[in-house]
Amino acid sequence: MTLLSRRAAEQIVTESPPVRQNGRLRRLVTDNLTAYGFLCAALVVFAVFSWYPIVRGVLLSFQQVDFVNAPAWVGLDNFAKLVKDPLFLVAWRNTLYFTVLALVLGFAVPFATAVVLNELRHLRAYFRLLVYLPVMLPPVVAALLWKWLYDPGPGPFNSVLRIFGLPQPAWLDSTSTAMISLVLVSTWANMGSATLIYLAALQTIRGDLYEAAELDGAGLWQRLRHVTIPQTRFVLLILLLLQIVATMQVFTEPYILTGGGPEDSTVTVLLLLYRYAFVYNDFGTASALSLLLFLVLAAFSGLYLRLTRSES
Amino acid sequence: MTFSRTTRTLALIGVAAVCLAATACGSSPGDANGKVVISINGQPPKSQAFDRKIFDQDVAAFEKAHPTIDIQPHEGFMDPKTFNAKLASGKLEDVFYVYLTDPAQLIARHQAADITSYLPSVAHYQDIQPQLRDVFSDGKGKYYGVPTANYTMGLLYNRTLFTKAGLDPNKPPKTWDDVRAAAKKIAALGNNTVGYADYSKNNQGGWHFTAWMYAMGGDVAVRSGDTWKSDFNNDKGRAALTYLHQMRWDDNSMGSRQLLQIEDVQRMMGAGQLGMYLAAPDNVPVLVNQFKGNYADYGLAAMPGGQGTLVGGEGYMLNPKATPAKIKAGLTWLQWKFLNPDRIETNLRRYVADKQPVGLPVSPVTDIWTAGPVRDRQEQLKKANATVPVRNYQPYVDGVTALKQNVEPPNAQQVYAVLDNVMQAVLTNRDADINKLLADAQAKVDAIYAQAR
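Thresholds applied
- Residues numbered from 1 in each chain as written.
- Chains lettered and ligands numbered in written order.
- Predicted model: local features only at pLDDT ≥ 70, side-chain atom pairs only at ≥ 80, totals over all residues.
- Heavy atoms only, no water.
- Pairing = 2+ DSSP bridges.
- Helix = DSSP H or I, 4+ residues; strand = E, 2+ residues; numbered from the N terminus.
- Axes fitted to C-alpha atoms, helices over the stretch in contact; angles between N-to-C directions.
- pLDDT = per-residue confidence, 0-100.
- Contact = heavy atoms within 4.5 Å.
- Buried < 20%, exposed > 50% of the residue type's maximum accessible area, 1.4 Å probe, protein only.
- Polar contact = N/O pair within 3.5 Å; in protein donor to acceptor, adjacent residues only side chain to side chain.
- Buried area = accessible area lost by both parts, 1.4 Å probe.
- Salt bridge = Lys/Arg side-chain N within 4 Å of Asp/Glu carboxyl O.
- Nonpolar A, V, L, I, M, F, W, Y, C, P; charged D, E, K, R; others polar.

**Q** Please explain the sheet that holds strand S5 (residues 154-158) of chain B as it appears in this structure.
**A** Neighbouring strands of a sheet are bound in pairs by backbone hydrogen bonds; such pairs are parallel or else antiparallel. Residues and elements named next belong to chain B. Taken together, 4 strands build an open sheet; the order of strands is S6-S9-S5-S10 and the sheet is mixed. For this open sheet the edge positions go to strand S6 (194-196) and strand S10 (298-302), each flanked by a neighbour on one side alone. On average, adjacent strands in this sheet sit at an angle of 25° to one another, irrespective of strand direction. Where S5 meets S10, 5 bridges bridge the pair, whose relative direction is antiparallel. From the neighbouring strand, Asn-158 faces S10, where its bridge partner is Tyr-298.

In structure tokens, the structure reads:
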């Protein structure tokens, strides 16, 4: 297109009558009305069921409520009450301990399992299903199953250890082993999903990279170190962050298996939050605690967003 | 085409709006046809066929006798997880069930209606034990609910295991030393048999530690001016924990698995693997119905020690948003259903006809009455209609009246959460420092009472 003809075209556009522009806008709106309708519906659903509760939760953390009278603003009283609670720091410490243990196990085990599954030539689908099976079990059922496995008396774990004359841990009944026992349950229950994601990432790696590495004489460990890990680096990082966010919200395992014991060694932030809300009926303080947890998780989520943006 | 799509969208929105409006309208029963409509909960689930049938028959009989009142029964009992949401959304029943641990906090948060002015017209209200009535009081002369059932904790034991262990099942333990000795003999039977079990999880450990404190003649909290303070860091608290620690670690009579709660212990007892635990008489039907036990296997003794015992139970409160007419109708229902000595015999006969247990110191006629003609009449009728081996529970009945009856402490659930920890430490840690545990728990409980609002 020559310069002259482009100017002429621009002139036509700028000088076209406003009526025609309005018509195009109207057509744009009417043509997409159904789409906007669906969009509005989704927005309304999000607003009512997601955003409003979040906003209400933030407000509640500065209020004292009885759900009969109007909420009373109490400023930072709920946060002050939380900080004075001897369990507050214990819960955070336990949560971080759980998170670290869960990452060590929950990160490494699924990755190793995925690598092994990826190497399989036969029965891959069968083993994939086997690994994923625990995810399909309802969490409460899984926890109750493990409660039986851990039973220090007639429980299967200690029965086997007894046969070999090995020491039989108290599993859930000891402050030193209770948290690790919970992490094992959590890792077992959740590793299926992570394994499948890792496996999907592994299968995107080009075969010729492995062939080249093999031609250079690389063994399994070297292929893992120089091909697999660098190629899946992004997925590993994202899953690490998502796992941090998920494991910091641990609730089911301590609630069902230990109730926070023994001696508060498995009281997590969410378990403490649950107690404030549903045992003590103190929704203000429960909301204050949830706001604090939200801020911590938001920091990790921010990191996640930043990483995904920089990668894209 | 575009127009018709728009019309369809608008129509959809319209239908949704109408549905929402209809749902909103249908959710709030009001007064209809000159009748006062009241919603009540406490209706047993369909899985408990007999209890459900009795409840539904009662509703029908009540409505027939009171044509101006329409009862809308709702299944379920007190659920702390949904209580506030129901109250906030206007879905809380007009008459709602509570455990005796709940009223104090509900009153403090203005979540129950003041019924003081209505009580003079509630027949037999004054025949209820005063300490139970006081659970529903704010301590300043106002009342917010009606107790309808209570339990008194005792020692539930397995008569079959007692016999196997060479113990006389007709002479259950009377002191804590007796309990310890019996637990040792039962545990010695082997095969994972546990002599004595106790709870230590989900606030139930704190609840039972409180029962231990009362049994030692002590308390958990005492009033101090306008507020409360803890009262368990003393010799009685130490004695209670020392017994537990000795049974667990010196005698090895409490089994190796701890962090137990009520269902775990009931399962052990139902399976014939447990000798004793502290329980209210209402555990016996649960052991039989849910855990395949046998009435003849169980015996009940009064709380060991001869000092005191824990009294708990249930009652009903009224919605703070209920109208005076609904409050009046609700109290009429509660009086008719629960506080009506004229219905005791009818109730017993229905249980006997359906081969349900009668004669236990529990439902269908509860123990809320103070000494007097109502209680006497109830006891006579129960004896005459008994369908279970009443002699198995006679040690409980004989001993319980001599004990000091203590209701649960204020802010019970928060206090129990702290005391759970003490029980857990003693039962899971051989080297538990009892003095330190009690001192730490004291600081925490005092902090709870200091912050109570």
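**Q** Mind showing me how you'd approach the confidence of the model for chain B here?
**A** Atom-level detail of predicted coordinates should not be read off regions where pLDDT is low. Residue and element names in this part refer to chain B. Summary statistics for chain B give a mean pLDDT of 88 and a share of 91% for residues scoring 70 or more. Confidence drops under pLDDT 50 across residues 1-30; counting only partners more than four residues distant or on other chains, this segment forms 11 contacts. The ipTM, which scores confidence in the relative placement of chains, is 0.76 for this predicted complex, and the corresponding pTM is 0.80.

**Q** Would you take a moment to explain helix H9 (residues 235-250) of chain B for this structure?
**A** All names here are of chain B. Taken together, the buried positions of H9 are occupied by Gly-237, Ala-240, Leu-241, Tyr-243, Leu-244, His-245, Met-247, Arg-248 and Trp-249. Tucked into the core, H9 has its buried residues touching helix H7 (176-187), S6, helix H8 (204-215), helix H16 (412-428) and helix H17 (434-451). Its side-chain oxygen 3.1 Å from the backbone nitrogen of Lys-236, Asn-234 forms the N-cap of H9.

**Q** Would you explain the environment of Asn-190 of chain A in this entry?
**A** Residues and elements named next belong to chain A. Among the secondary structure elements, Asn-190 is positioned in helix H9 (residues 178-202). Given the relative accessible area of 45%, Asn-190 is considered partly exposed. For Asn-190, the side chain forms a polar contact with the main-chain oxygen of Ser-186, separated by 2.9 Å.

**Q** Quick question: what am I supposed to make of the interface of chain A and chain B here?
**A** Interface extent is often summarised as the accessible area lost during association of the parts. Taken together, the contacts link 40 residues of chain A with 36 residues of chain B. For the pair chain A and chain B, the summed buried surface comes to about 3300 Å²; carbon and sulfur atoms form 49% of the total. Here chain A and chain B share 3 salt bridges between them. In this structure, Lys-444 of chain B and Asp-264 of chain A form a salt bridge, with 3.7 Å as the shortest nitrogen-oxygen distance. Linking chain A to chain B there are 9 residue pairs in polar contact (both at pLDDT 80 or more). Going through the elements one at a time, helix H2 (18-31), helix H3 (33-60), helix H4 (77-84), helix H12 (252-258), helix H13 (269-279) and helix H14 (283-311) of chain A are the ones with two or more residues in the side of chain A that touches chain B. Here the residues of the side of chain A that touches chain B sort into 17 nonpolar, 11 polar and 12 charged.

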